[in-house]
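Notes for the structure review
Chain by chain, the residues:
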Amino acid sequence: MHKLLPFALLAAFGLAGCNSSSSPTPAAHAAGPLAAAYSTGGSAKGDFGPPQGAPIQAILTSPPLVPPPVNRDYPAKVVVELEVIEKEMPISEGVSYTFWTFGGTVPGSFIRVRQGDTVEFHLKNAPDSKMPHNIDLHGVTGPGGGAAASFTAPGHRTQFTFKALNQGLYVYHCATAPVGMHIANGMYGLILVEPPEGLPPVDHEYYVMQGDFYTTGKYREKGLQPFDMEKAIDERPTYVLFNGSEGALTGDNALTAQTNQTVRLFMGNGGPNLVSSFHVIGEIFDKVQPEGGTYWQENVQTTLIPAGGAVTVEFHTEVPGSYVLVDHSIFRAFNKGALAILKVDGPEDKSIYSGTEVNAVYLGDRSEPNLKAVTAAASAHAAGTLTRQEQIDAGKQLFTGTCSVCHQPNGEGMPGVFPPLAKSDYLAADPKHAIEVVLNGLSGPVKVNGTDYNSVMPPMSQLTDDEVANILTYVLNSWDNPGGQITKEEVAGVRANGPAHPAQAEH
Ligand SMILES: [Cu+2]
């Protein structure tokens, strides 16, 4: 909605071109998009007259799919029908959340039109909704981006029409009070306004949006989790996610491509709070259109996506493997869920990269969505039927990615650095003490199986009580350890006592 004066913009670019005359590349580069800007009016209004031909029903797609290119050389009337649906869906394995959605998914349905199109927008709010909703499209020129015209009570529908004057990739979102809460519940999506000449063809186009989520329970605490307004105001998200759920784009749901292809990602950030440092591990963006705008930048490692903003990135695939989409504010990727996989298949090219595949320990359990055993254990605990074997199965999954990175997948540790958990006499002497070790960490000299260690294990109190119980039950029943069982309640008890006696060597 906020327009730069075209002259100011062009002047600024002209200046940049002059200043960089010492290095010819940027100036030469600017000529391309600048020429295009003149021919299409740049940020000037893309009003190509009244709509022509019969009205067209817009094809909407659910993420990660993108509708086909518009492929039209005249302005048309395009009808968009979008329904708001409030529904419970998984946010993580064994964790559900009541999302508010545009079209039944988070992010909402992808909308694709051509600059100059007249869009007749129909917003429905499902009869079983509890809340009124509306829509503010950043690609609309008009007060509120359509919000005031589209306030829709449950069981109602509203309609408004706008002309898509500016090309670009735009966020849309609900703007009903409390706005932050509607957005935090998943009410955002993208609308692409194609330039009149369309976008260059590529092999794959995908639709991904980041969002931050606030639940009263901790990260991965099981069951239906309510929205936590206080955490949202404090900007302390429990989850930071691509496409609304952990595992939305990993394992069987991973994005796919072949080697020697061009991939275009339409990446949005719904917020409500966080700015994304978007990065693909193992790739370099050949081309980025920052902030969803017209001009592009090349050879970019990490690009910022503001909350309520978007970016188009393109890269060419050279070698096969798993490429990992992350928010490079990296705790969000490995501890809050902001991680997705692009799986590239095809022949190796050793001249470009001669390595093994993705590092399983680096990615931990996040590269594999197989946390079914964890969910099974949580439901069994709720039903009061939890067995030791169920805890072991769940603990085995969780051990990967939390403990194995140091103590190694086989529990052997690393000589001189990480003590073994396999056949550990330290562990056997007092198995319950391991709860304190995990929750509070361990430092200072310890002797394990006759070898001295003097290092630091960080506290892992971010794990939930049942996660700690299951991991330790798995450890105690593996690698010739003495067996036994640790319960969620025992962990809760130790946690409640707090780190009273700082974890020290006691053996
Ligand atoms: Cu809403």
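Since this is a predicted model, take the numbers as computed values, not measurements. (Residues numbered from 1 in each chain as written. Predicted model: local features only at pLDDT ≥ 70, side-chain atom pairs only at ≥ 80, totals over all residues. Heavy atoms only, no water.)

**Quick look at the side chain of His279**
Mapped onto the elements of the fold, His279 is located in strand β15 (residues 276–281). Judged by relative accessible area, His279 falls into the buried class, the value being 13%. A polar contact of 2.8 Å, which involves the side chain of His279, links it to the backbone oxygen of Gln301. Excluding anything up to four places from it in sequence, His279 contacts Phe285, Gln301, Thr302, Val324, Leu325, Val326 and His328. (Helix = DSSP H or I, 4+ residues; strand = E, 2+ residues; numbered from the N terminus. Buried < 20%, exposed > 50% of the residue type's maximum accessible area, 1.4 Å probe, protein only. Polar contact = N/O pair within 3.5 Å; in protein donor to acceptor, adjacent residues only side chain to side chain. Contact = heavy atoms within 4.5 Å.)

**Quick look at the coordination of the copper ion**
The protein atoms that coordinate the copper ion are His133 (ND1), Cys174 (SG), His182 (ND1) and Met187 (SD), at distances of 2.0 to 2.4 Å. Each of the 4 donor atoms around the copper ion contributes to a set of angles spanning 89 to 137°, which defines the coordination as irregular. Sequence spacing among the residues donating to the copper ion works out to H-x40-C-x7-H-x4-M. One end of the pair, His133, is in the loop between β5 (118–125) and β6 (136–137); the other, Met187, is in the loop between α3 (179–184) and β9 (188–194), with 54 residues separating them in the sequence. (Donors = N, O, S within 2.8 Å, 3.2 Å for Na, K, Ca; no water. Tetrahedral: all angles 85-135°; square planar, octahedral: opposite > 155°, others 65-115°.)

**What about the sheet that holds strand β8 (residues 168–173)?**
The 4 strands are arranged β4-β9-β8-β6 in an open sheet whose pairing can be described as mixed. Looking along the sheet, the strands with just one partner apiece sit at the ends: β4 (111–114) and β6. Inspection of the sheet shows β4 paired to β9 by 4 bridges, in the parallel sense. The residue bridging Arg114 from the neighbouring strand is Glu194, located in β9. (Pairing = 2+ DSSP bridges.)

**Quick word on the pattern of salt bridges**
For the structure on display, the rule yields 15 salt bridges. The closest approach of N and O atoms between Arg72 and Asp117, which form a salt bridge, is 2.8 Å. Residue Arg72 is located in the loop between β1 (56–57) and β2 (77–92), and its partner Asp117 is located in the loop between β4 and β5; the two are separated by 45 residues in the primary sequence. The pair Arg72 / Asp117 is uniform in exposure class, with both members buried. Among the salt bridges present, the one from Glu120 reaches Lys77, with a minimum N-O distance of 2.9 Å. Pair noted here: Glu120 is in strand β5 and Lys77 is in strand β2, with a separation of 43 residues, a long-range link. The exposure class of Glu120 is buried, given its relative accessible area of 14%. Taking the relative accessible area as the measure of exposure, Lys77 reaches 28% and is therefore partly exposed. (Salt bridge = Lys/Arg side-chain N within 4 Å of Asp/Glu carboxyl O.)

**Thoughts on the environment of Lys222**
Tracing the backbone shows Lys222 in the loop between β10 (204–213) and β11 (223–224). Here Glu93 takes part through its backbone oxygen, which lies 3.4 Å from a polar atom of the side chain of Lys222.

**Comments concerning the packing of aromatic side chains**
Aromatic rings in a pair are described by how distant their centres are and how their planes are angled relative to each other. The full count for this structure, using the stated rule, is 15 aromatic pairs. Between Phe110 and Phe266, the aromatic rings sit 5.5 Å apart at their centres with planes inclined by 45°, giving tilted as the arrangement. Of the two residues, Phe110 is situated in the loop between β3 (95–102) and β4 and Phe266 in strand β14 (residues 262–271); the sequence distance between them amounts to 156 residues. The buried category is assigned to Phe266, whose relative accessible area is 0%. (Phe/Tyr/Trp six-rings, centres within 6.5 Å; stacked < 30°, edge-to-face > 60°.)

**Side note on the pairing of strand β16 (residues 285–289)**
Here β16 runs beside strand β17 (residues 297–300); their pairing, made up of 3 bridges, is antiparallel. Bridge pairing links Lys287 to Glu298 in β17. Where β16 and strand β19 (residues 309–316) come together, 3 bridges link them in antiparallel fashion. Opposite Lys287, over in β19, you have Glu314 as the bridge partner.

**Describing the environment of Pro195**
Tracing the sequence through the fold places Pro195 in the loop between β9 and β10. Judged by its relative accessible area of 8%, Pro195 is buried. When the C-alpha positions of Pro195 and Val70 are compared, they lie 9.9 Å apart, and in sequence the two are 125 residues distant. Among all residues touching Pro195, those that are not within four sequence positions of it are Gln115 and Gln167.

**Regarding unusual backbone geometry**
That bond from Pro63 to Pro64 is cis: its omega, 5°, falls within 30 degrees of zero. Among the structural elements, Pro64 can be located in the loop between β1 and β2. A cis amide bond links Ala177 to the next residue, Pro178, at an omega of -10°. Here Pro178 shows up in the loop between β8 and α3. Even without a glycine there, the phi angle at Glu291 is positive, about 60°. Note on placement: Glu291 falls in the loop between β16 and β17. Take Glu291: its relative accessible area is 62%, and that puts it in the exposed class.

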